[in-house]
Amino acid sequence: MKKIVVIGGGTMGLDIAQVFARNGYDVVVRDIKDEIIQASEARLNKGLDKLVGKGKLDEAKKAEILSHMSFTTELAAAADADLVVEAAIENLDIKKSIFAELDSLCKPETILASNTSSISITAIAAATKRPDKFIGMHFFNPATVMKLVEVIRGAHTSDETYKTIAELAAAIGKEPVEVNEAPGFVVNKILVPMINEGIDLVYTGVASVEGVDTAMKLGANHPMGPLALGDLIGLDVCLAIMDTLYDETHDPKYRASLLLRKMVRAGKLGRKTGIGFYDYSKK
Ligand SMILES: CC(=O)CC(=O)SCCNC(=O)CCNC(=O)[C@H](O)C(C)(C)COP(=O)(O)OP(=O)(O)OC[C@H]1O[C@@H](n2cnc3c(N)ncnc32)[C@H](O)[C@@H]1OP(=O)(O)O
Ligand SMILES: NC(=O)C1=CN([C@@H]2O[C@H](COP(=O)(O)OP(=O)(O)OC[C@H]3O[C@@H](n4cnc5c(N)ncnc54)[C@H](O)[C@@H]3O)[C@@H](O)[C@H]2O)C=CC1
């Protein structure tokens, strides 16, 4: 595995790219606009400088990480990639159009992976002529810190593709867990409905935002409360996951809280927009 391309330089894409670069892989991050790329590069530098400030990283390692990373708006950068990891928005049609283009552009042996949170790997793979080389490689937020990678088999994923990605996850210091396709896979099937319940408790006036978060931190020993976690993930991503769980199962227990929907409609998406259930604009 020599060259990896990450599609999307947002919350997940940038951190996933950093994890690969830290472990010596050359990685190109592709996003759609120059302004977005500039913002991604600035976030990367700020994050690394913070670690240097805390004495967790030295300047030499920082320079080494940066030397393995580059940014582009050109999808053509994926033509000679050995692996493409897609971390664009959580929408089946957009993912299918990205992978249809990648399929015609990339060399035949390139493995195509999606970091989707909930969408069917088989459905996305159907946009390509290489469903055997298509797989879910699902990192957790913040990807630089969280140890898990769910490695998700679609209906046609080959054993060879599975083995390559599980071994790669281990080589970058992560713990791979094999998952068969199902909406939300393992973690999000459990975690995101819990976040949704937390939001609904606020919506129905049972407790305040701070009250729900404090209760779950102190009463269940969670490192952060469900509303703060929703803000970290992105409320648009949480809503997309709830909608996939509901659309795939029609089980009312996966109905998104109306407050979650309202927050997304209002553009209050959490940390990435500076405001969600909490205000991040002054941090
Ligand atoms: C939606 C989906 O599809 C799936 C998902 O992702 S669901 C969301 C899953 N994520 C969670 O549940 C997160 C829950 N929250 C937590 O675990 C914690 O609150 C947290 C990890 C986010 C923050 O914890 P914290 O202790 O306040 O963070 P912080 O001190 O910044 O970092 C934790 C450690 O990682 C290190 N770290 C931070 N950034 C790093 C980087 N870029 N590279 C390497 N190490 C890094 C820090 O230095 C720190 O190390 P020490 O413990 O040795 O000091
Ligand atoms: N936020 C989270 O906690 C997690 C999210 N995921 C999944 O990762 C994916 C990305 O999510 P986030 O990083 O949170 O979203 P985000 O909204 O922070 O970033 C998405 C990025 O993709 C870019 N983009 C959109 N279309 C593109 C295209 N055609 N080509 C290249 N870039 C494109 C956007 O400009 C944006 O920068 C989603 O599928 C999400 O479900 C998976 C694990 C955790």
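Please refer to the structure placed before this passage.
Since we're looking at a predicted model, the values are computed, not measured. (Residues numbered from 1 in each chain as written. Chains lettered and ligands numbered in written order. Predicted model: local features only at pLDDT ≥ 70, side-chain atom pairs only at ≥ 80, totals over all residues. Heavy atoms only, no water.)

So, about the site of ligand 1. Around ligand 1 there are 19 residues in total, and Lys56, Ser117, His138, Asn141 and Asn188 lie nearest to it. Contacts to ligand 1 include asparagine 141, whose backbone N or O atom sits 2.8 Å from a nitrogen atom. Sorting the residues of the shell around ligand 1 by element identifies α1 (11-22), α7 (187-203) and α9 (226-233) as the ones contributing at least two each. Per-class residue counts for the shell around ligand 1 are ten nonpolar, six polar and three charged. Counting the residues that make up the shell around ligand 1, at least three belong to each of domain 1 (3-180) and domain 2 (186-273). (Near = heavy atom within 4 Å. Polar contact = N/O pair within 3.5 Å; in protein donor to acceptor, adjacent residues only side chain to side chain. Helix = DSSP H or I, 4+ residues; strand = E, 2+ residues; numbered from the N terminus. Nonpolar A, V, L, I, M, F, W, Y, C, P; charged D, E, K, R; others polar. Domains from an automatic or database assignment.)

Attention now moves to the sheet that holds strand β7 (residues 148-153). One open sheet holds the eight strands; their spatial order is β3-β2-β1-β4-β5-β6-β7-β8, and the pairing between them is mixed. In this open sheet, the two edge strands, each paired with only one partner strand, are β3 (69-72) and β8 (175-180). Within the sheet, the average angular offset between the axes of one strand and its neighbour, ignoring direction, is 25°. When strand β4 (residues 83-86) meets strand β5 (residues 111-114), the two strands line up parallel, connected through four bridges. Paired with glutamate 86 across the two strands is serine 114, which belongs to β5. Helix α4 (residues 92-105) contacts β1 (3-7), β4, β5 and β6 (134-139) of the sheet and is inclined by roughly 170° relative to β5. (Pairing = 2+ DSSP bridges. Axes fitted to C-alpha atoms, helices over the stretch in contact; angles between N-to-C directions. Contact = heavy atoms within 4.5 Å.)

Taken together, 23 residues lie around ligand 2, and Asp31, Glu90, Lys95, Ser117 and Ile233 are the ones closest in. Here threonine 11 contributes a side-chain N or O atom positioned 2.8 Å from an oxygen atom of ligand 2. The separation between an oxygen atom of ligand 2 and a polar side-chain atom of lysine 95 is 2.8 Å. A total of 830 Å² of accessible area belongs to ligand 2 in isolation, and the protein chains cover 89% of it. Among the elements of the structure, α1, α4 and β6 are those that each provide at least two residues to the shell around ligand 2. Here the residues of the shell around ligand 2 sort into ten nonpolar, eight polar and five charged. (Areas by Shrake-Rupley, 256 points an atom, 1.4 Å probe, with all protein chains shown as cover.)

Structurally, asparagine 141 can be placed in the loop between β6 and β7. The exposure class of asparagine 141 is buried, given its relative accessible area of 16%. Expressed as a C-alpha distance, the spacing of asparagine 141 and leucine 232, which sit 91 residues apart in the sequence, is 7.7 Å. With residues near it in sequence (within four places) discarded, asparagine 141 still touches Thr11, Met12, Met146, Leu232 and Ile233. Here leucine 232 takes part through its backbone oxygen, which lies 3.0 Å from a polar atom of the side chain of asparagine 141. (Buried < 20%, exposed > 50% of the residue type's maximum accessible area, 1.4 Å probe, protein only.)

To continue, consider helix α2 (residues 34-53). Compared with the 28 Å implied by 1.5 Å per residue over 20 residues, the 28 Å span of α2 between its first and last C-alpha is a close match. Considered for burial, the residues of α2 that qualify are Ile37, Ser40, Leu44 and Leu48. Projected onto a plane normal to the axis of α2, the buried residues spread over an arc of 60° and lie on a single side. In α2, the exposed residues that point more than 90 degrees away from the buried face are Glu35, Gln38, Lys46, Lys50 and Gly53. In this structure, the buried residues of α2 make contact with α1, α3 (59-67) and β3. (Expected span 1.5 Å × (residues − 1). Arc of directions from axis to C-beta.)

Turning our eyes to something else, we now look at the pattern of salt bridges. Under the counting rule described, the total for this entry stands at 14 salt bridges. One salt bridge in this structure joins aspartate 49 and lysine 62, with 2.7 Å as the shortest N-O distance. You can see aspartate 49 sitting in helix α2 and its partner lysine 62 sitting in helix α3, a full 13 residues away along the chain. Here lysine 133 ties to aspartate 132 by a salt bridge, and the two come within 3.4 Å at their closest N and O atoms. Since its relative accessible area comes to 24%, lysine 133 is described here as partly exposed. For aspartate 132, a relative accessible area of 30% translates into the label partly exposed. Where salt bridges share partners, they join Glu86, Glu90 and Lys95 into one cluster. (Salt bridge = Lys/Arg side-chain N within 4 Å of Asp/Glu carboxyl O.)

Taken residue by residue, a regular strand's side chains alternate between the two faces of the sheet. Among the six residues in β7, five count as buried, and that is most of the element. Across four bridges, β6 lies against β7 in antiparallel orientation. If you follow phenylalanine 139 over to β7, its bridge partner there is valine 149. Examined bridge by bridge, β7 and β8 share six bridges and lie parallel to one another. Considered in β8, the bridge of valine 151 is made with glutamate 178. Crossover handedness for the path β7 to helix α6 (residues 159-171) to β8: right-handed. (Right-handed = clockwise from strand over helix to strand, strands pointing away.)

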